[in-house]
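Report on the structure
For reference, the chains in residue letters:
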Amino acid sequence: MHAEQLDLNLLMVFDALLREASVTKASESLGLTQSATSHALNRLRVYFDDPLFVKVGPRMEPTIKATSLRQTVLDVVTSIRQNILPGAVFDPAAAKRAFTLCMTDMGELVFLPALLERFKHEAPQCTLRTLQVPVEQIESLLASGEVDLALGSIRTVPEGLYQQRLFQHQFRTIASVDNRKIGDQLTLEAFLEHRHIVVSLTGRTTESYDRALETQGIQRNIAVITPHFLMVPLLMKEHPDLIATVPEALADVFVGLNVVRSFEPPVPIPAFPLNQHWHPRFHHDPAIIWLRERVKRTFEHYPTITATELP
């Protein structure tokens, strides 16, 4: 036995390589240099007498040996995070850590600037990373630690995840600044006559506000369905006859860019909650506790708060 040669930090690197399939990305998630991660991988290879990860195209794929160790490494790393790290104090001012948030491109546009402003003052050496994934993958990513928080209006939250309300968001209907058919107000007649852009992460018109329209007998003339909010103003630039109904915070951003006009929808659409979600495995992790508190403080009064108002 040569257990004394196995630094527990090496298991953190092993875990990161399993998650990221890349030395570069593993380095970023751990807050290490690429050379330090490569050195750790070499030590792991010597210890286990196996390559562990081999280059296959752009990815570092695990060998049979590494795959057989996957669950054991995950269990050990999880136990350390749950039972040992909670006893430590997280110092954001000195920490070098990458935090991963699951959010849509709308979330990046609306929420990242305020979070970056807070990180600049409170955790200057920490990194923010975002992922956009199908809803059905969120629970496993939170459980593995690849994602720290999921932000958004997740309609069907998997059982067992913690969630916390951040704020309620309203909807606005937006039209191109070049659209001359809509006056100062958007009438129901114009709403029905125009072709619509629908944003759906699933590719289907089954989002909650779509159902709210359908229950009122509203049948839109849908021209295109896209999973990307940022495509909306680009499509409107080329096709000014298109309109879309989007969260108010996003509409405000587009209006600020002078690319669209924003209107009160001509039919009532209920507000929907935006929450943050996390896995019980990391409920007591000091770093994740700090992250959750900062997200809550930043957005509990959104969208009235601005970056300059952050304490």
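Attention here is on the structure that accompanies the text. (Residues numbered from 1 in each chain as written. Predicted model: local features only at pLDDT ≥ 70, side-chain atom pairs only at ≥ 80, totals over all residues. Heavy atoms only, no water.)

**Some remarks on the overall build of the protein chain**
- A count of helical and extended segments in the protein chain gives eleven helices and twelve strands.
- Pairs at least 24 residues apart make up 75% of the contacts formed inside the protein chain by residues separated by at least 6 positions.
- Carbon and sulfur atoms make up 54% of the accessible area of the protein chain, which totals about 15800 Å². (Helix = DSSP H or I, 4+ residues; strand = E, 2+ residues; numbered from the N terminus. Contact = heavy atoms within 4.5 Å. Areas by Shrake-Rupley, 256 points an atom, 1.4 Å probe, with all protein chains shown as cover.)

**Notes on the packing of helix α1 (residues 8-20) against helix α2 (residues 23-30)**
- Direction vectors running N to C along α1 and α2 enclose 125°, while the axes themselves pass 8 Å from each other. Relative to α2, the element α1 is oriented oblique. Read as a crossing pair, α1 and α2 show a hand that is right-handed. Note on element contacts: α2 touches α1 through V23, K25, A26, S29 and L30, opposite M12, V13, A16, L17, R19 and E20. (Axes fitted to C-alpha atoms, helices over the stretch in contact; angles between N-to-C directions. Parallel < 35°, antiparallel > 145°, perpendicular 65-115°, else oblique. Left-handed = near helix turned anticlockwise from the far one by under 90°.)

**Description of the environment of T24**
- Here T24 is to be found in helix α2.
- Along the backbone, T24 and S35 are eleven residues apart, and their C-alpha atoms lie at a distance of 9.3 Å.

**Considering the packing of aromatic side chains**
- Scanning the entire structure with this criterion turns up eleven aromatic pairs.
- Pairing Y47 with F48 gives two aromatic rings, centres 4.9 Å apart and planes at 85°, and the pair type is edge-to-face.
- Aromatic side chains F99 and F119 sit 5.9 Å apart centroid to centroid with 85° between the ring planes, which places their arrangement in the edge-to-face category. With F99 in strand β3 (residues 98-102) and F119 in helix α5 (residues 105-122), this pair connects stretches of sequence that are 20 residues apart.
- Using a relative accessible area of 0% as the deciding quantity, one classes F99 as buried. (Phe/Tyr/Trp six-rings, centres within 6.5 Å; stacked < 30°, edge-to-face > 60°. Buried < 20%, exposed > 50% of the residue type's maximum accessible area, 1.4 Å probe, protein only.)

**Quick look at the sheet that holds strand β7 (residues 171-176)**
- The strand order across the open sheet built from five strands is β9-β8-β10-β7-β11, with neighbouring strands paired in mixed fashion. At either end of the open sheet lies a strand with only one pairing partner, and these are β9 (221-226) and β11 (260-263). Averaged over all pairs of adjacent strands, the angle between their axes in this sheet comes to 30°, without regard to strand direction.
- Relative to strand β10 (residues 242-247), strand β8 (residues 195-199) runs parallel, the two sharing three bridges. Across the sheet, the residue bridging to H196 is I243, located in β10.
- Across the sheet, helix α9 (residues 231-238) touches β7, β8, β9, β10 and β11, and the angle it forms with β10 is around 165°.
- Relative to the sheet, helix α10 (residues 248-256) contacts β7, β10 and β11, its axis offset from that of β10 by approximately 125°. (Pairing = 2+ DSSP bridges.)

**Overview of the environment of H228**
- The topology assignment puts H228 in the loop between β9 and α9.
- For H228, a relative accessible area of 39% puts it in the partly exposed group.
- Sequence separation between H228 and D105 is 123 residues, and the spatial gap between their C-alpha atoms is 6.5 Å.
- Beyond its immediate chain neighbours, meaning those up to four positions away, H228 contacts D105 and V199.

**Quick word on the pattern of salt bridges**
- The tally for this structure, following the rule as stated, stands at eleven salt bridges.
- Across the salt bridge formed by R172 and E264, the nearest N and O atoms sit 3.0 Å from each other. Placement of the pair is R172 in strand β7 and E264 in the loop between β11 and β12 (272-278), with a sequence separation of 92 residues.
- With relative accessibility at 18%, the residue R172 sits in the buried group.
- Residues joined in a network through salt bridges with shared partners are D15, R19, E20 and R129. (Salt bridge = Lys/Arg side-chain N within 4 Å of Asp/Glu carboxyl O.)

**Quick look at the nonpolar core**
- Core analysis: the biggest nonpolar cluster contains 43 residues, and F99 and I174 have the highest contact counts within it.
- Of all the elements, α5 adds the most residues to this core, at seven residues.
- Each of domain 2 (98-105 + 112-161 + 277-300) and domain 3 (171-263) contributes no fewer than three residues to this core.
- Look past the residues within four positions of F99 in its chain and what remains in contact with it is F90, F119, C126, T127, L128, R129, D148, A287, I288, W290 and L291. (Core = buried A, V, L, I, M, F, W, Y, C linked by side-chain atoms within 4.5 Å. Domains from an automatic or database assignment.)

**Quick look at the packing of α5 against helix α11 (residues 286-299)**
- At a minimum axis distance of 10 Å, the contact between α5 and α11 shows a crossing angle of 125°. On the basis of their axis angle, the class for α5 and α11 is oblique. For the pair α5 and α11, the sense of crossing is right-handed. Contacts between α5 and α11 involve F111, A114, L115, R118, F119 and E122 on the former and, on the latter, W290, L291, R294, V295, R297, T298 and F299.
- Its residues assigned to classes, the contact of α5 with α11 shows eight nonpolar, one polar and four charged. (Nonpolar A, V, L, I, M, F, W, Y, C, P; charged D, E, K, R; others polar.)

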